[in-house]
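A look at the structure
Listed below are the residues making up each chain.
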Amino acid sequence: MQHVAVPNGTLNVYAQGKGTPLLFVHGFPLNNSMWQPQAEMFSKRNRVIVPDLRGFGESTVTTGTVTMEEFADDLHGVLHGVWVDTPVVLCGLSMGGYVAWQFFRKYRPQLRALILCDTRATADSPEAAAGRHKLAETVLATGSQAASDAMLPKLMSSKTVERWPDLVASVRSMIVRNKPTGIAAAALGMAERPDCTDLLSQIDVPTLVICGQDDQITPSADMQKMAEAIPGAQFVQIPNAGHLAPLENPDAVNGAINRFLISLDARPAS
Ligand code: MLT
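Summary of the structure given here. (Residues numbered from 1 in each chain as written. Predicted model: local features only at pLDDT ≥ 70, side-chain atom pairs only at ≥ 80, totals over all residues. Heavy atoms only, no water.)

All right, on to the overall build of the protein chain then. Counting its secondary structure elements, the protein chain contains 11 helices and eight strands. Relative to the globule expectation of 18 Å for 270 residues, the C-alpha radius of gyration of the protein chain, 17 Å, shows essentially globular dimensions. Along the three orthogonal principal directions, the C-alpha set of the protein chain runs to about 50 × 40 × 35 Å. Of all intrachain contacts in the protein chain linking residues separated by at least 6 positions in sequence, the fraction that spans at least 24 positions is 79%. Element-wise, carbon and sulfur atoms account for 53% of the exposed surface of the protein chain, whose accessible area totals about 11,200 Å². With 22 positive and 26 negative side-chain charges, the protein chain shows a spacing of 4 Å between the two charge centroids. (Helix = DSSP H or I, 4+ residues; strand = E, 2+ residues; numbered from the N terminus. Rg over C-alpha atoms; globule rule 2.2 N^0.38 Å. Contact = heavy atoms within 4.5 Å. Areas by Shrake-Rupley, 256 points an atom, 1.4 Å probe, with all protein chains shown as cover. Lys, Arg positive; Asp, Glu negative; His and termini not counted. Charge placed at Lys NZ, Arg CZ, Asp CG, Glu CD.)

As structure tokens, this is what we get:
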């Protein structure tokens, strides 16, 4: 791991391997270790870059609100900090996908392709945004355990929970090790994120959309529709997985990413 300076802080970043850069962006309220099965496999053939977003893991914590655009600006800073100057394949899960829309909007020349896992393009409904404000308040008042209590029951499929208590424990520990201030800032940032549905038809990089079959947060049918709105996007449904498909069924997710990367090698960058 290395600490990379970005405007107003430093981010903890795993950067390993050589080849086409592959930037993994974690979901809420997790950290970069959620991508461990992917980092291990793809660092054998790619330059893999996996930051802890601002407010998570070992990265600088910022009080108040951190917007999806600010996270995207941080990613831009990280790429500069690890000397990556060729376009990257950005793979974001859920909140990482919300950040990916902003990265596409602001930094399109730095994108080779997109992989969108268990995410959505729509903004929060007023009720969902109010729920985020409530969660931020509770976490600030009582600690990060409140985020684990709220999120953990929705993150993984019931089969995963039954079969892999160790995985459930490790996701819980990822959440509770985050600082309440960081969790609250991202929750407030998600509450005010813009609707990106109009952006979908403008996406002009190769795109892979991945969704766990039993995802309760961003259901597979919604993600399939989202994929249909992105020109040429491929959609892959992952069996035996919920919202954290890359952790719950890493073999299937890695296989899908690998096939996508091989197909990219055969396509000139646009
Ligand atoms: C995530 O996994 O990043 C969250 O489920 C995103 C959200 O709460 O919308």
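Around the ligand, the surrounding shell consists of Gly27, Phe28, Ser94, Met95, Tyr98, Arg120, Arg132, Met151, Met190, Ile217 and His243. Phe28 places a polar main-chain atom, nitrogen or oxygen, 2.7 Å from an oxygen atom of the ligand. For the ligand, an oxygen atom lies 2.9 Å from a polar atom in the backbone of Met95. For the ligand, the accessible surface in isolation is 270 Å², of which the surrounding protein chains cover 97%. In this structure, the ligand is accommodated by the largest pocket. Partitioned by chemical class, the residues of the shell around the ligand number six nonpolar, three polar and two charged. (Near = heavy atom within 4 Å. Polar contact = N/O pair within 3.5 Å; in protein donor to acceptor, adjacent residues only side chain to side chain. 1 Å grid on protein atoms, 1.4 Å probe; cavity = no way out; pocket = protein on both sides within 12 Å on 5 of 7 lines; lining within 4 Å. Sits in = over half its atoms within 2 Å of the grid points. Nonpolar A, V, L, I, M, F, W, Y, C, P; charged D, E, K, R; others polar.)

Here we come to the nonpolar core. In terms of nonpolar packing, the biggest core is built from 92 residues, with Phe28, Met95 and Val171 touching the most fellow members. The element best represented in this core is helix α3 (residues 95-107), accounting for eight residues. The contacts of Met95, once residues within four sequence positions are left out, are His26, Gly27, Phe28, Leu53, Phe56, Met68, Phe71, Ala186 and Met190. (Core = buried A, V, L, I, M, F, W, Y, C linked by side-chain atoms within 4.5 Å. Buried < 20%, exposed > 50% of the residue type's maximum accessible area, 1.4 Å probe, protein only.)

Right, let's get into helix α7 (residues 165-176). For α7, which comprises 12 residues, the first-to-last C-alpha distance of 17 Å matches the rise-based estimate of 16 Å (1.5 Å per residue) to within 8%. Those residues of α7 not exposed but buried are Leu167, Val168, Val171, Met174 and Ile175. With its buried residues spanning 120 degrees around the axis, α7 presents them on a single face. Opposite the buried face of α7, at more than 90 degrees from it, the exposed residues are Pro165 and Asp166. For α7, the elements touching its buried residues are α5 (145-155), α6 (158-163), α8 (180-191) and α10 (245-248). (Expected span 1.5 Å × (residues − 1). Arc of directions from axis to C-beta.)

We now examine the packing of aromatic side chains. Across all of its chains, the model carries three aromatic pairs by this definition. On the numbers, 4.9 Å between centres and 40 degrees between planes, the contact of Phe24 with Trp35 is tilted. A residue pair is termed long-range when its members are at least 10 positions apart, and Phe24 in strand β3 (residues 21-25) and Trp35 in the loop between β3 and α1 (36-42) qualify at 11 residues. Here Phe24 falls in the buried class, since its relative accessible area comes to 0%. Considering the side-chain rings of Phe28 and Phe56, the 6.4 Å spacing of their centres and the 85 degrees angle between planes classify their relative orientation as edge-to-face. Separated by 28 residues along the polypeptide, Phe28 in the loop between β3 and α1 and Phe56 in the loop between β4 (47-51) and α2 (68-81) bring together distant segments of the chain. Here the two residues Phe28 and Phe56 agree in accessibility, since each one is buried. Taking the ring centre of Tyr98 as reference, the NZ or CZ of Arg193 above it sits at 3.9 Å. (Phe/Tyr/Trp six-rings, centres within 6.5 Å; stacked < 30°, edge-to-face > 60°. Lys NZ or Arg CZ within 6 Å of the ring centre and 35° of its normal.)

Let us look at the sheet that holds strand β1 (residues 2-6). Spatially, β1-β2-β4-β3-β5-β6-β7-β8 is the arrangement adopted by the eight strands of the open sheet, whose pairing is mixed. Among the strands making up the open sheet, the edge pair consists of β1 and β8 (234-238). On average, each strand axis in the sheet is inclined to that of its neighbour by 25 degrees, with strand direction left out of account. As defined by bridge partners, strand β6 (residues 111-117) adjoins strand β7 (residues 207-212) across four bridges and the pair is classed as parallel. By the bridge assignment, Leu116 is partnered in β7 with Val209. With respect to the sheet, α2 is in contact with β1, β2 (9-16), β3, β4 and β5 (88-93), its orientation differing from that of β1 by roughly 120 degrees. (Pairing = 2+ DSSP bridges. Axes fitted to C-alpha atoms, helices over the stretch in contact; angles between N-to-C directions.)

Below, the discussion takes up the layout of surface pockets. Of the volumes computed, that of the largest pocket is approximately 320 Å³. Around the largest pocket, the lining comprises 17 residues; the ones closest to its centre are Phe28, Arg132, Met151, Lys154 and Ile217. Listing elements by their share of the lining of the largest pocket, those giving two or more residues are α3, α4 (126-142), α5 and α8. Of all the elements, α4 adds the most residues to the lining of the largest pocket, at four residues. Residue classes in the lining of the largest pocket are distributed as 10 nonpolar, three polar and four charged. There is about 200 Å³ of room inside the second largest pocket. Lining the second largest pocket are 13 residues, with Arg120, Ala121, Thr122, Asp222 and Met226 positioned closest to its centre. Each residue belonging to the lining of the second largest pocket can be placed in one class, and the counts come to six nonpolar, four polar and three charged. (Points joined across faces, edges and corners; volume = space filled by probe spheres on them.)

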